[in-house]
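Overview (structure and organization)
Each chain is listed here by its residues.
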Amino acid sequence: MGETLFLGRVLSFQRRPEGAADAAALTYHAAGAVHVKDGRILAMGCADELRRGAQGADIVDHREHLILPGFIDTHLHFPQVQVLASWGKDLLDWLNTYTFVEEQRFADMAHCEAMAVGFYDGLLRNGTTTGVAYGSVHATSAEAMFAQAEQRGMRMIGGKVMMDCHAPEALLDTAQSGYDESLALIERWHGRGRLSYAITPRFALTSTPAQLEAAGALCALHPDCYMQTHVSENVNEIARAKELYPDAPDYLGIYERYGLLSERALLGHAIHLEPREIEVLAGTGAKPVFCPTSNLFLGSGLYDDAGLRGRGICGGIATDIGGGTSYSMLQTLNEGYKVLQLRAQQMHPYQAFDWITRGNAEALGLVHEIGTLEAGSVADMVVLDSRATPEMALRADRIETLAEELFLLMIMGDDRAVAQTYVAGAAQKDV
Ligand code: GUN
Ligand code: ZN
């Protein structure tokens with residue numbers, strides 16, 4: 001692949017900014033560059049300095065635009081690309097009416113393959129270079145998800161969902177077949193290239209105790225795999241979980257009992273947590289994942305970011321396609337900002353852009369590889385144009401600071417503001 005020097009306004013975070021005044025948490029070079037060799041970052045810094053060490057390198061000129069680490073989406077559903085924007089009352093109604101119907105189509109490999117193309121095209125057009133995705137119950141869905149990511153060189157994490165009750169017959173595995181199929185997928189895909197497996201019991205409502213036990217056994221056998229599921233998203237869902245598992249102290253206690261919680265556990269939504277559940281998150285290092293567009297769309301509730309951070313819990317942020325309504329992590333920030341406003345919590349744009357890059361990488365334990373533009377990281381990058389539309393350009397005329405520009409991008413920006421996306425230094429968008 002050789003060497004390339006990407007010129008632009010370079011922005012990367014070293015830690016979560018404490019607020020507006022905490023510019024020390026970030027690195028910003030207004031006349032900056034990223035020097036990439038064979039898909040990895042050799043250096044980021046001032047363009048004049050980097051040019052000296054990059055003689056002979058190809059030059060890619062993104063001056064005027066911002067270059068950031070590629071966005072990371074820590075919770076989304078591959079088989080819901082054709083569920084997105086389906087009208088429904090609330091979570092359980094929406095699952096039964098649309099999602100469990102649509103996911104049946106993923107028994108067919110040709111359908112999975114066609115959908116995988118649209119799925120990754122959508123992510124990359126929106127600047128997302130890493131996702132943590134759920135498949136359907138069918139091993140075929142995970143196969144297609146991994147194969148297409150591998151073809152594009154993307155850092156992906158995912159797995160087939162395990163679900164053995166309370167859903168249409170065609171979507172059910174069994175405790176044994178779910179275990180066997182997940183294990184076969186782990187052996188085939190986990191650690192292959194840039195791919196990792198996530199053991200994926202869908203949620204307590206669609207798994208019997210025997211299946212959760214099997215999922216726990218998989219986690220014990222493969223502690224380097226991720227584990228992903230849903231928790232405490234919707235009040236009716238929580239009531240049902242308690243009905244199905246009457247001996248559990250609370251919803252999260254169900255997963256705790258079966259050995260599913262660790263630093264590599266990702267818990268989608270985590271909205272209506274009880275005090276004991278928050279202590280369990282703090283104690284196990286399991287990560288809640290904020291899914292703002294979905295939480296608003298399904299009327300699920302308002303995530304308590306400050307409350308969780310106050311206990312030292314730094315979760316992820318994600319689209320939750322297709323309960324979520326946009327592939328765009330910028331639009332996810334837009335809605336996330338508003339959700340937190342309703343809780344009288346303000347998300348500063350520095351914190352917001354740190355979250356969808358370094359923060360999400362940290363939640364996944366992958367900061368050494370993705371989420372920043374530090375030397376040694378893979379060159380997964382996004383190039384942002386804050387004048388992408390006439391309306392954005394008009395607003396941008398009155399902007400004076402980087403923080404103001406980032407705020408404009410997260411409130412008004414979407415795929416149109418993504419001028420280019422790079423996966424390991426390779427351009428992904430037709431421009
Ligand atoms: N809980 C269990 N399955 C799902 C799903 O597909 N989407 C959301 N938002 N919540 C879930
Ligand atoms: Zn989900």
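The sections below set out a description of the structure shown in this document. The shown structure was predicted, so the numbers you read here are calculated from the model rather than taken from an experiment.

Quick word on the side chain of Q345
Mapped onto the secondary structure, Q345 falls in the loop between α12 (329–341) and α13 (349–363). Note on Q345: relative accessible area 12%, which makes it buried. For Q345, the side chain forms a polar contact with the main-chain nitrogen of D305, separated by 3.4 Å. Here A306 takes part through its backbone nitrogen, which lies 2.9 Å from a polar atom of the side chain of Q345. Among residues more than four places away in sequence, those in contact with Q345 are D304, D305, A306, G307 and L340.

Regarding the site of ligand 1
Near ligand 1, the surroundings consist of H77, Q80, L91, W94, L95, R202, F203, H230, E233, H269, S294 and D320. Here an oxygen atom of ligand 1 and a side-chain polar atom of Q80 are 2.8 Å apart. Coverage of ligand 1 by the protein amounts to 100% of the 280 Å² it exposes when considered alone. For ligand 1, the cavity whose grid points lie within 2 Å of the majority of its atoms is the largest cavity. If you tally residues by element for the shell around ligand 1, the top one is helix α2 (residues 91–102), at 3 residues. Residue classes in the shell around ligand 1 are distributed as 4 nonpolar, 5 polar and 3 charged.

Focus on the packing of helix α4 (residues 139–152) against helix α5 (residues 175–189)
Between α4 and α5, the shortest axis-to-axis distance is 10 Å and the interhelical angle comes to 15 degrees. With respect to α5, the element α4 is oriented roughly parallel. Between α4 and α5 lies a crossing of right-handed hand. The residues of α5 that touch α4, namely those facing A139, A142, E143, F146, A147 and E150, are E181, L185, R188 and W189.

Considering the side chain of Q351
Here Q351 shows up in helix α13. A relative accessible area of 8% means that Q351 is categorised as buried. Looking at Q351, its side chain comes within polar contact range of the main-chain oxygen of E18, at 3.2 Å. If we ignore the near neighbours within four places in the chain, the residues touching Q351 are R16, P17, E18, G19 and Q346.

Here's the deal with the coordination of the zinc ion (ligand 2)
Protein coordination of the zinc ion (ligand 2) is provided by H75 (NE2), H77 (NE2), H230 (NE2) and D320 (OD), with donor distances spanning 2.0 to 2.6 Å. One can describe the site at the zinc ion (ligand 2) as irregular: its 4 donor atoms subtend angles covering 87 to 164 degrees at the metal. Donor residues for the zinc ion (ligand 2) sit on one chain with the sequence pattern H-x1-H-x152-H-x89-D. With a gap of 155 residues between them, H75 in strand β5 (residues 71–77) and H230 in strand β10 (residues 226–231) connect regions that are remote in the sequence. Neither residue differs from the other here; H75 and H230 are each classed as buried.

Some words on the packing of α12 against helix α15 (residues 402–412)
Two elements in contact, α12 and α15, have axes whose closest approach is 6 Å; the angle formed by their N-to-C orientations is 95 degrees. Between α12 and α15, the angle falls in the class roughly perpendicular. When α12 is examined against α15, the residues L330, Q331, L333, N334 and Y337 are found in contact with a partner set consisting of F407, L409, M410, I411 and M412.

Some words on the layout of surface pockets
Empty space within the largest pocket amounts to approximately 240 Å³. Together, 15 residues line the largest pocket, and R9, E64, S386, R387 and E405 are the ones closest to its centre. Secondary structure elements with two or more residues in the lining of the largest pocket: β4 (58–69) and α15. At 3 residues, the largest contribution of residues to the lining of the largest pocket is made by α15. Within the lining of the largest pocket, the residues separate by chemical class into 6 nonpolar, 3 polar and 6 charged.

Some details on the sheet that holds strand β15 (residues 418–423)
Spatial strand order, β3-β2-β1-β4-β14-β15-β16: 7 strands in an open sheet with mixed pairing. Whereas interior strands pair on both sides, the edge strands pair on one side only; in this sheet they are β3 (40–46) and β16 (426–427). In this structure, strand β2 (residues 26–37) lies alongside β3, joined through 6 bridges in antiparallel fashion. Looking across to β3, one finds that A33 is bridged to G45. Taken strand by strand, α13 contacts β1 (3–13), β2, β4 and β14 (381–384), and its axis lies near 130 degrees from that of β1.

Rules behind the numbers
Residues numbered from 1 in each chain as written. Chains lettered and ligands numbered in written order. Predicted model: local features only at pLDDT ≥ 70, side-chain atom pairs only at ≥ 80, totals over all residues. Heavy atoms only, no water. Helix = DSSP H or I, 4+ residues; strand = E, 2+ residues; numbered from the N terminus. Buried < 20%, exposed > 50% of the residue type's maximum accessible area, 1.4 Å probe, protein only. Polar contact = N/O pair within 3.5 Å; in protein donor to acceptor, adjacent residues only side chain to side chain. Contact = heavy atoms within 4.5 Å. Near = heavy atom within 4 Å. Areas by Shrake-Rupley, 256 points an atom, 1.4 Å probe, with all protein chains shown as cover. 1 Å grid on protein atoms, 1.4 Å probe; cavity = no way out; pocket = protein on both sides within 12 Å on 5 of 7 lines; lining within 4 Å. Sits in = over half its atoms within 2 Å of the grid points. Nonpolar A, V, L, I, M, F, W, Y, C, P; charged D, E, K, R; others polar. Axes fitted to C-alpha atoms, helices over the stretch in contact; angles between N-to-C directions. Parallel < 35°, antiparallel > 145°, perpendicular 65-115°, else oblique. Left-handed = near helix turned anticlockwise from the far one by under 90°. Donors = N, O, S within 2.8 Å, 3.2 Å for Na, K, Ca; no water. Tetrahedral: all angles 85-135°; square planar, octahedral: opposite > 155°, others 65-115°. Points joined across faces, edges and corners; volume = space filled by probe spheres on them. Pairing = 2+ DSSP bridges.

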